[in-house]
Amino acid sequence: MTSYVTTPIYYPNDVPHIGTAYPTIAADIYARWSRLRGRETFFLTGTDEHGKKIENVAHKRGMTPQQMVDELSEEFKRTFREMNVSYDRFIRTTNEDHIRVVRHILGRVHERGDIYKGTYEGLYCVECEAYYTPDDLKDGRCPLHLKPVEVLKEDCYYFRLSKYREWLLRYYEANPDFILPESRRREVVSFVEGGLEDLCISRSTFKWGIPVPFDEGHITYVWFDALLNYVTGAGILDEPERFERFWPAVTHIIGKDILRFHAVIWPAMLESAGLRPPRRIFAHGFWMVNGRKFSKSLGNAILPGYLIERYGLDPLRYYMFRETPFGADGDFSEANLVGRNNSELAQGLGNLVQRTATMIIKYRDSVIPDAADAGEMEHDLAQAADETLSKVAEAIEGFAFKDALETIWEFISRMNVYVNARAPWALAKRGEEAALDTVLAHLAEGLRFLSVLVTPFMPGSGCSIAERIGLDGVPVADALQWGKSLTGRHVKQGLPLFKMLEPPVEEVPAPITHAADPAVLALGVNYCVAHLNGLRVKRETAQLEQRKREVEARIRVQGRGWAAEIPAACGYKEIYERLGKAPGEIPSPVDSLSEYIFNSGLGRLPQINVVVDLYNLYTLTHFLSIGAHDREKIRGTVRLEFARELIPYYPLGSQSQSYIQPGEYYWHDDEHVLCRLDVKQGEATKVDELTRHVVLIVLGNAAISQQAVRRLAEQLCEEIVSFCGGEFTIIEGARSD
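Report on the accompanying structure. (Residues numbered from 1 in each chain as written. Predicted model: local features only at pLDDT ≥ 70, side-chain atom pairs only at ≥ 80, totals over all residues. Heavy atoms only, no water.)

## Description of the sheet that holds strand β7 (residues 179-180)
- Strand order in this open sheet of six strands is β3-β2-β1-β12-β13-β7, and the pairing throughout is parallel. Every interior strand has two partners, whereas the edge strands, β3 (89-92) and β7, have only one.
- When strand β12 (residues 250-255) meets strand β13 (residues 280-284), the two strands line up parallel, connected through five bridges. Paired with I254 across the two strands is A283, which belongs to β13. (Pairing = 2+ DSSP bridges. Helix = DSSP H or I, 4+ residues; strand = E, 2+ residues; numbered from the N terminus.)

## Remarks on the environment of R184
- The topology assignment puts R184 in helix α6 (residues 182-193).
- Judged by its relative accessible area of 10%, R184 falls in the buried class.
- Non-local contacts of R184, meaning those with residues more than four positions away in its chain, are made with I179, K256, L259, A283, H284, G285 and G327. (Buried < 20%, exposed > 50% of the residue type's maximum accessible area, 1.4 Å probe, protein only. Contact = heavy atoms within 4.5 Å.)

## Here we look at the pattern of salt bridges
- Using the criterion set out here, one finds 46 salt bridges in the structure.
- In this structure, the salt-bridge partner of E82 is R78, at a minimum N-O distance of 2.6 Å. Taken as a pair, E82 and R78 lie in helix α3 (residues 65-82) at a separation of four residues, close to a single helical turn.
- A residue is classified by how much of its surface remains accessible, and E82, at 30% relative accessible area, is partly exposed.
- One salt bridge in this structure joins R322 and E344, with 3.4 Å as the shortest N-O distance. Here E344 lies in helix α13 (residues 334-364) and R322 lies in helix α12 (residues 313-322), a separation of 22 residues in the sequence.
- Residue class for R322 comes out buried when judged on its relative accessible area of 11%.
- Linked through salt bridges whose partners overlap, the residues forming this network are R322, E323, R340, E344, K402 and E406. (Salt bridge = Lys/Arg side-chain N within 4 Å of Asp/Glu carboxyl O.)

## Focus on the packing of helix α5 (residues 165-174) against α6
- Axis separation between α5 and α6 bottoms out at 10 Å; the angle between their running directions is 155 degrees. Of the possible angle classes, the one that applies to α5 and α6 is roughly antiparallel. For α5 against α6, the interelement crossing comes out left-handed. Contacts between α5 and α6 involve R165, L168, L169, Y172 and E173 from the former and R185, V188, V189, V192 and E193 from the latter.
- Across the contact of α5 with α6, the residue classes tally to six nonpolar, no polar and four charged. (Axes fitted to C-alpha atoms, helices over the stretch in contact; angles between N-to-C directions. Parallel < 35°, antiparallel > 145°, perpendicular 65-115°, else oblique. Left-handed = near helix turned anticlockwise from the far one by under 90°. Nonpolar A, V, L, I, M, F, W, Y, C, P; charged D, E, K, R; others polar.)

## Examining the packing of aromatic side chains
- In this structure the tally under the stated criterion is 39 aromatic pairs.
- Ring plane angle 20 degrees and centroid distance 5.4 Å describe the contact between W167 and Y171, whose orientation is recorded as stacked. With W167 and Y171 both in helix α5 and four residues apart, the pair spans about one turn of that helix. Like Y171, W167 is buried.
- Ring geometry for W287 and F332: centres 5.7 Å apart, planes at 80 degrees, overall edge-to-face. With W287 in strand β14 (residues 287-289) and F332 in the loop between β16 (330-331) and α13, this pair connects stretches of sequence that are 45 residues apart. Across the pair, F332 and W287 agree in class, each one buried.
- By the ring-pair criterion, three or more aromatic residues cluster together here, those being Y22, Y30, F282, W287, Y319, F321, F326, F332, F399, F401 and F457. (Phe/Tyr/Trp six-rings, centres within 6.5 Å; stacked < 30°, edge-to-face > 60°.)

## Considerations on the sheet that holds strand β25 (residues 680-681)
- With mixed pairing, the five strands of this open sheet are ordered in space as β17-β20-β23-β24-β25. For this open sheet the edge positions go to β17 (514-516) and β25, each flanked by a neighbour on one side alone.
- Note: β17 against strand β20 (residues 638-642), three bridges, orientation parallel. The residue of β20 that forms the bridge with H514 is V638.

This is the structure:
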């Protein structure tokens, strides 16, 4: 029997994070279990290295796309080694055999008549490498990355996906286990029942990709390219005998965000190419931080190396699959990781291994004794071991990893109860040698079972348990039977399997230092700085959303030109004139927000998070410029200065580079642009739901006193804290005398 398991292939536009680790470790658990059952197993992972996003990021870094993916694919391999991932092949979509497969399959689908030429215009998210309809967007932005989408129009080739709607529905009905869990299956069926549009499968506006074999001026759409890695890895062209052994008995482990690509487009592609669909697709949920999935683009990614160094690899692997059912979303908590390590690993499994080894060393000179006649408690323990093995096997085959671990820990608890009930130390004291032999032998045998059961989840710990009871390696699961195979083997003590860990202590960063060029202050600019610490930034609140709607309604009543009627009030017009800016050349912060309401596709204020949404409201109602920055992203001193040369930066929420012109004032730290003039905040230090410490800068002008600016800063901070918790401190800014 064979077993083939895959992860998604990962986009190497940055280093891997815990969101990457999650499906990779899940596939590793399944692959290790399959090998323990004696199956021929193939485990595939890798990197998806083509597409516009790769080209864009490489350009920003001053590298070629190939140079960047070469560097980052090695980073993924290094991280997977750190996580003790036992993959059989690390595939790259720039591999020569994969390029040949993509062109071969495109040719087969084209010959089938399922590809035709056309023109596409749509809303495109570069981060997702996917098109969206207006209804898919959230406040006009990508629903996953919360970033603006691009309107793209270009000649392309289409795949006749709509042709396969009825075939897909029949296939889903005939294969109810094709999509797991069931809730995801229902989502896909409902989506396909609603109708399918043909799929754009080529691009002609950039070059980083695999050329289409029948039109070299087009490159293959990244998803059509990426999905085919699964058949490349199995050897479809170069090792057809191996391909026949492993295909289609494959399980794809993927995130729920890419389920439609795998459960709709992928089987239709295979059917068109004359290949069988995969056995099953399991779509897992996300690890979240404050309600948002781990994501490099959202800036809330936690690197595995940090957690491994701080807490250890096996505790991390254990926590990720013990905390939350695989398939559901979970909220990552270092405190919960520490709690489970201390109570379940160190005091549970670790203590059981340590005390068993200690007693065999002490009472039997390190040699595991032959069990004498077993009593009722011993029979119950043996039966529990067999039942545990059976339940764990069933749970892992169904990807119910949390259930498997709960079952294992029930058995560990049962063994600890057995130790306390039989009290081998008391048997030794009373000289009941035969009974002591029986207890020690049964405890060692229980550890033999546990070495097998925990190995898929914690391979280092499983191997260590096997070594401590005198085994050369972890036994094969399918041959595991309760017995006397350990008699005469020598036990080793070793260090404790797991350390007791200290809960993480959050360090409050030092207040920023700030400085202002007197020449900028002489324009009439003044400012106030505030520090907010210990926040839990919320995505939204009903109360705040209602206030936003009320402000929008008041502005609409006043009409499109309402901002122009604000008396010189803000003083921005005068300041900009002094800088030589024509009227309207640089909008005030009020104008900028007004644009969202009257001219943008949103038709309302954007929803970002409570901190940003609140200061947007204050800008509209108090006519001041306000910016919030993640304190932990700020480097060095914050300065308000004139630009002496053209300075590039990325405005908040934008994929497009902008510039600060010479002679304009701007805020910056030692590495980043924080804000241009009063309105265009930079992307580099943005606040998101992972942010715990905020630096708030309220900018005033000659029309508003420094005292008024400070009062407004205090009022805004009080509101932020009322929604997000934490505390704040006001640091006086400066203004010209």
